[in-house]
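Fold and geometry: a report
So you can see what is in the structure, the chains are spelled out below.
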Amino acid sequence: MSSYSLTHLKQLESEAIYVMREVASQFEKPVLLFSGGKDSIVMVRLAQKAFWPAKLPFPLMHVDTGHNFPETIAFRDALVKEVGADLIVRSVQDSIDKGRAVEEKGPNPSRNALQTITLLDAIEEFQFDAAFGGARRDEEKARAKERFFSHRDEFGQWNPRNQRPELWNLFNGKKQVGEHFRVFPLSNWTEMDVWQYIAMENLEIPKIYFTHYRDIVERNGLLLAKSEFITLMRGESYELRQIRFRTVGDMTCTGAVESDAATIEAIIQEVAAAKVTERGGRADDKRSEAAMEDRKKQGYF
């Protein structure tokens, strides 16, 4: 990795650490949203650096869809134990059981949108006033509209037309009772930056990011992994393919890519040549032109 790349990554790291420390100084009860994916893993490392040698001054929280990759859950638990962080888990299934959410129908029902209800209920339960997220502006056009400090009203809703200006490094965390902020320290990072930082820091990541063989069904241009949550339709069948995942999410809507990338360095080369964004393999983002923005307005991550 070139010295320029290292300097660039150090600048991004410094910016993200500054944002985290701003949150710790302006808010009383922040939380870090943690999925076990690469972006939230980077967030944990940045938080460690921001507050070292003290323990993380906020808990991690995973909104569990119940449709996760088993490898991700195992990695989540191992990392939390290693870091010594407090982990809160709130389940979409519990929201369904309580009648707060309704399960989708169909051959591969996604629970991604249902996470919003579980997340907002958890924020109210614990009275969190700021929630760190790992979203980046290069992921999707709706996320490109976000500020570092993203204000949410008393209903947890986001208004892209009514965001606060962020001049230089000044962040306005003032809010009314019942409101909260989503905070995105990785806003200016790209997928390539994340992978280069993982390489620089020698971070462990779930194995599903690397090439492996898995039973896959191809549906609407997506390569979906075999799971108990997917129902095969007429004419479909699973076949063993050499794949990896660029992003981690609900198994029913997270598509794989065919790949032989077995190392971080090989993944970096693959990302450099990719013509499709990492979320180009997410079925839930393809439901409409404004699918992500509609979910975010309702309180999504």
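Okay, so let's go over this structure. Here the structure is a predicted model, which means the values were calculated and not measured.

Turning to the nonpolar core, a few remarks are in order. Within the largest apolar cluster, 58 residues are counted, with the highest numbers of intra-cluster contacts made by Met20, Leu32, Val42, Leu46, Phe149, Trp189 and Trp195. Secondary-structure elements contributing two or more residues to this core are α1 (3-26), α2 (38-51), α3 (70-83), β4 (130-132), β6 (180-183), α6 (191-201), β8 (222-225) and α7 (264-273). Looking at which element gives the most residues to this core, the answer is α2, with eight residues. If sequence neighbours within four positions are ignored, Trp189 has contacts with Leu12, Glu13, Ala16, Val42, Leu46, Arg136, Asp138, Val194 and Tyr197. Counting 14 residues, the second largest nonpolar core, distinct from the first, contains Ile88, Ala101, Ala122 and Ile123.

Pairing is antiparallel in the open sheet, where four strands are placed in the order β8-β7-β9-β10. Looking at which strands have only one partner, the edges of the open sheet turn out to be β8 and β10 (257-258). Bridge count between strand β7 (residues 212-219) and β8: four bridges; the pairing is antiparallel. Looking at β8, one finds that Val217 is bridged to Leu224.

Gaps between atoms show up when a probe of the same size as a water molecule is rolled over them. In this structure the tally under the stated criterion is two cavities of 30 Å³ or more. Ala135, Arg136, Arg137, Arg143, Glu146, Phe184 and Ser187 together form the lining of the second largest cavity. Here the lining of the second largest cavity is built from residues that sort into two nonpolar, one polar and four charged.

Overall, the coordinates contain 19 salt bridges when judged by the stated rule. Across the pair Arg152 and Glu146 runs a salt bridge, and its minimum N-O distance is 3.3 Å. The structure contains a network of salt bridges with shared partners spanning Lys10, Glu13, Arg45, Lys49 and Glu201.

With that settled, the discussion passes to the layout of surface pockets. Volume-wise, the largest pocket comes out at about 280 Å³. Looking at the largest pocket, it is lined by 16 residues, and the ones nearest its centre are Ile123, Gln127, Phe128, Gly178 and Glu179. Top contributing element to the lining of the largest pocket by residue count: helix α5 (residues 115-126), with three residues. Looking at the lining of the largest pocket residue by residue, the classes come out as five nonpolar, four polar and seven charged.

A few words on the pairing of strand β3 (residues 87-91). Pairing of strand β2 (residues 60-64) with β3, which is carried by five bridges, proceeds in the parallel orientation. Looking at β3, one finds that Val63 is bridged to Arg90. Chirality of the crossover, the property in question, places the unit of β2, α3 and β3 among those that are right-handed.

Scoring rules and cut-offs
Along each chain, numbering runs from 1 in the same order as the chain's sequence is written. For this predicted model, a pLDDT threshold of at least 70 governs which residues receive local features, and a threshold of 80 or more governs which side-chain atom pairs are given and counted, while totals over whole chains, interfaces and linings are taken from all residues. No hydrogens and no water enter the side-chain calculation; it runs on all heavy atoms of the structure. Throughout, nonpolar core names a set of buried Ala, Val, Leu, Ile, Met, Phe, Trp, Tyr and Cys residues whose side chains join them through atoms within 4.5 Å. Categorising residues by exposure relies on relative accessible area from a 1.4 Å probe, with only protein chains included: less than 20% of the type maximum marks a residue as buried, more than 50% marks it as exposed, and the intermediate range marks it as partly exposed. Numbering of helices and strands starts at the N terminus; helices are DSSP runs of H or I of at least 4 residues and strands are runs of E of at least 2. Whether two residues are in contact is decided by their heavy atoms: any pair within 4.5 Å suffices. The criterion for strand pairing is that DSSP finds at least two bridges linking the strands in question. Residues are called lining when one of their atoms sits within 4 Å of a cavity or pocket point, these points coming from a 1 Å grid over the protein atoms alone, where a cavity is a set in which a 1.4 Å probe fits but cannot get out and a pocket is an open set with protein on both sides within 12 Å along at least five of seven lines. Grid points are joined across faces, edges and corners, and a volume is the space filled by probe spheres set on the points. Ten residue types, Ala, Val, Leu, Ile, Met, Phe, Trp, Tyr, Cys and Pro, are classed as nonpolar, four, Asp, Glu, Lys and Arg, as charged, and the remainder, Gly among them, as polar. Just to be clear on terms, a salt bridge is a Lys or Arg side-chain nitrogen sitting within 4 Å of an Asp or Glu carboxyl oxygen. Looking down the strands as they point away from you, a crossover is right-handed if its path from the first strand over the helix to the second goes clockwise.

In short, shape yes, function no, at least from these values alone.
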